[in-house]
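# Structural description and commentary
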Amino acid sequence: MAGRYAEFHRRSIEDRDAFWAEQARLVDWHRPFDEVLDYTRPPFARWFTGGETNLCHNAVDRHLAARGDQPALIWISTEVDKVETFSFRQLHAEVNRTAAMMQSLGVARGDRVIIYMPNMPEAVFAILACARLGAVHSVVFGGFAAASLAARIDDARPVLMITSDGGSRMGKVIRYKPLVDESIRLSRHPPAKVLIFNRGLDSDMPRVPGRDVDWKELAARNEGAQVACTWLESSEPSYILYTSGTTGKPKGVQRDVGGHAVAMAASMRHIYCGHAGETIFTSSDIGWAVGHSYIIYAPLIAGMTTILYEGVPIRPDPGVWWKIVQDYKVSVMFTAPTAIRVLKKHDPAWLGRYDLSSLRHLFLAGEPLDEPTHAWISEGLGKPVIDHYWQTETGWPVLTAMHGVEKTPIKYGSPSFPAYGYDLKLLRESDASEAGVDEKAVVVIEPPLPPGCMTTIWGDDERFVKTYFSTFGKKLVYSTFDWGIRDKDGYYFILGRTDDVINVAGHRLGTREIEEAIQAHGNVAEVAVVGVNDALKGQMPLAFAVLKDVSKVATPALRIDEEKAVMAAVDAQLGAIARPSRVHFVTLLPKTRSGKMLRRSIQALAEGRDPGDLTTLEDPTALDQIRSAVAGN
Ligand code: PRX
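Everything numeric here is computed off the predicted structure, so don't read it as measured data.

## Some points on the overall build of the chain
Counting its secondary structure elements, the chain contains 19 helices and 32 strands. Expected size for 633 residues packed as a compact globule is a radius of gyration near 26 Å; at 24 Å, the chain falls within 12% of this value. In terms of principal-axis extent, the alpha carbons of the chain reach across some 70 × 65 × 55 Å. Within the chain, buried positions represent 62% of all 633 residues. Relative to all contacts within the chain whose residues are 6 or more apart in sequence, the contacts with residues 24 or more apart total 69%. For the chain, the accessible area works out to roughly 23700 Å², and carbon and sulfur atoms hold 51% of it. Both charge centroids of the chain, one from 71 positive and one from 77 negative side chains, sit 1 Å from each other.

## Topic: the pairing of strand S31 (residues 538-547)
Taken across its 10 residues, S31 has nine buried, putting it largely inside the fold. Relative to S31, strand S30 (residues 524-534) runs antiparallel, the two sharing 10 bridges. Its bridge partner lying in S31, Val530 is registered against Leu542. Pairing of S31 with strand S32 (residues 582-586), which is carried by five bridges, proceeds in the parallel orientation. Residue pairing for S32: Leu542 is matched across the bridge by Arg582. For the crossover that starts at S31, traverses helix H17 (residues 556-573) and ends in the parallel S32, the hand is right-handed.

## Brief notes about the site of the ligand
Contacts to the ligand come from 16 residues, most closely from His388, Thr392, Asp482, Arg497 and Arg508. Between a nitrogen atom of the ligand and a main-chain N or O atom of Glu367, the distance comes to 3.4 Å. Between the ligand and the protein, one listed contact pairs an oxygen atom with a side-chain N or O atom of Asn503 at 3.2 Å. Across the complex, the protein chains shield 95% of the 550 Å² of accessible surface that the ligand would expose by itself. Taken together, the residues of the shell around the ligand sort by class into six nonpolar, five polar and five charged.

## As for the packing of aromatic side chains
Aromatic ring pairs are defined here through the distance separating the ring centres and the angle between the ring planes. The tally for this structure, following the rule as stated, stands at 37 aromatic pairs. Aromatic side chains Tyr272 and Phe363 sit 4.5 Å apart centroid to centroid with 50° between the ring planes, which places their arrangement in the tilted category. One end of the pair, Tyr272, is in the loop between helix H10 (258-270) and strand S16 (279-282); the other, Phe363, is in strand S19 (residues 361-364), with 91 residues separating them in the sequence. The same class applies to Tyr272 as to Phe363, namely buried. By the ring-pair criterion, three or more aromatic residues cluster together here, those being Phe8, Phe19, Trp20, Trp29, Phe33, Trp47, Phe48, Trp396, Tyr420 and Tyr422. Here the guanidinium or amino end of Arg41 rests over the ring plane of Phe44, the centre of that ring lying 4.3 Å away. Across from the ring centre of Trp350, 4.1 Å away, lies the NZ or CZ of Arg353, which sits over that ring.

## Here's the deal with the side chain of His57
You can see His57 is positioned in helix H3 (residues 55-59). By relative accessible area, which is 16% here, His57 ends up buried. Engagement of the side chain of His57 in a polar contact is seen with the side chain of Asp28, the distance being 3.0 Å. Residues within four places of His57 in sequence aside, it is in contact with Asp28, Arg62, Cys229 and Trp231.

## So, helix H19 (residues 621-631)
Listed as buried for H19 are Ala622, Leu623, Ile626 and Ala629. Buried residues of H19, viewed axially, fall in a sector of 120°; they line one side. Elements in contact with the buried residues of H19: S31, S32 and helix H18 (599-606). A positive phi of about 85° marks Gly632, the residue just after H19.

Conventions used here
- Residues numbered from 1 in each chain as written.
- Predicted model: local features only at pLDDT ≥ 70, side-chain atom pairs only at ≥ 80, totals over all residues.
- Heavy atoms only, no water.
- Helix = DSSP H or I, 4+ residues; strand = E, 2+ residues; numbered from the N terminus.
- Rg over C-alpha atoms; globule rule 2.2 N^0.38 Å.
- Buried < 20%, exposed > 50% of the residue type's maximum accessible area, 1.4 Å probe, protein only.
- Contact = heavy atoms within 4.5 Å.
- Areas by Shrake-Rupley, 256 points an atom, 1.4 Å probe, with all protein chains shown as cover.
- Lys, Arg positive; Asp, Glu negative; His and termini not counted.
- Charge placed at Lys NZ, Arg CZ, Asp CG, Glu CD.
- Pairing = 2+ DSSP bridges.
- Right-handed = clockwise from strand over helix to strand, strands pointing away.
- Near = heavy atom within 4 Å.
- Polar contact = N/O pair within 3.5 Å; in protein donor to acceptor, adjacent residues only side chain to side chain.
- Nonpolar A, V, L, I, M, F, W, Y, C, P; charged D, E, K, R; others polar.
- Phe/Tyr/Trp six-rings, centres within 6.5 Å; stacked < 30°, edge-to-face > 60°.
- Lys NZ or Arg CZ within 6 Å of the ring centre and 35° of its normal.
- Arc of directions from axis to C-beta.

Given below as structure tokens:
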């Protein structure tokens, strides 16, 4: 492929240091870096070593002179029917005050702070205040239940947790605080203090004297406080974000400071084409990677106005997002394919009701974007809709069109090409050789990973290497755990995960985590969870359980009760987002003679496909049970 993109990408790989040194000029450095990349300990990449900077300075302080009065953050909640706007100057004041509040609660450089809040301005203040202090934030998605939160507390060992009394979804209050209390009760390394922003959603909110601190009271005592930015060495940790993998234990994806800042600034320019003074609307939750990167860090570092949205895409009506685009002159919009599939079920006239002339691109990521949905939204909006592919681990796009570099044509169903900085390969699973055109293979990245990608797993370097760099034996490559193909024109297509991770409405879940949650139900002896195709959500978890006491499912009514009880166990351990669509009870699960569960065969049968090679199957009747369970017999 010729053209500007190809040259840009080639330089990023072949002339790596010069390329990234140039990108590094997009952010402020308190002390210049000595070296662009220290790669003396593969696969650990340390970017911009010796350089000192601060993410909060880059996101807030440095904009005060040129754009202090420009809106930095606009919070729109269709749940509680509120809009709040903060200019860069106001955001600066709020973040300073929050940093002072956190300091008064004992938070210092390197300490961890868990933030468990819905999309609300105070969550953004808390995140940026951590960055200001050099504290490491770990935001946990509000949909996770107490046991999941406890596991994250024990791994991160925070000195402080920040939460609110609750959130709201579709007008229904979700109480957070009882769940926080329960998670602290379950944890071995609880935080000393819990800071609570009381939204007035839960009048019965429980309080623990001596531990719980009221945000508004503490804020009143810190009015006007100023806290200087703590200059951090580029490779120091900035945050941890937990994500699911093949084991039941979530991994703490650790990000650095300098590499992250540069990656955010560069991606906003070359990929999202967002400029200072413009407005971006990313509909994600702050608890996900998309929220971290494209609601908070990248837009603010670029001097943009960012919209923080609390609500769903169809309430009060399916035009609400397009009205936001019109009213706030949104230039860049980012959401997940599921949201578009939800909108697609409504009258397409909603797409034409508002003036969308400010909008240049719509970006979609987080799960496969099917061709019909890609076509529907592109044609409906009359704008380029860019499917792009990345992971929590990478923090920014791996495969994408880069219209800031070259306006390459879009192919429906394809996230286009490897982003600059990524030396992408498609390797055959069998012998790690490179796959040819149109051949399905594993998507891998030749290390070093570019700036902004995870630097390690929090507290576990060994697990980082073992998990991500050991798929192909001695060949040190980063596995994305996704299947992909490249066509004759160089366009990539992502075909789903190679491991046991599933994607439900853009939410990444590990089937092992769900299995462990189900096992918490006392009557379950053994269980297999697989992801099956779902027209709206992409995938849904489906469970097959073997019970200890089968008399509990002796009648249809009992069976329904038991299924509900198993689902309740998942709700309690992980949260309702992980709840299986059905729990089928069987007496045997298909396994190989060596005892390995045949998940791919179970999944194939559940989707009505051929179960594949069954020569190693121990007992063929196990598959018959799966077949008849999904057939409803
Ligand atoms: O399987 C891929 C899928 O989502 C996974 C990463 O999920 P998460 O860590 O939650 O990060 C989301 C950040 C956008 C990937 O391994 N995935 C993500 N984007 C796409 C995708 N699958 C197909 N097409 C995409 N555009």
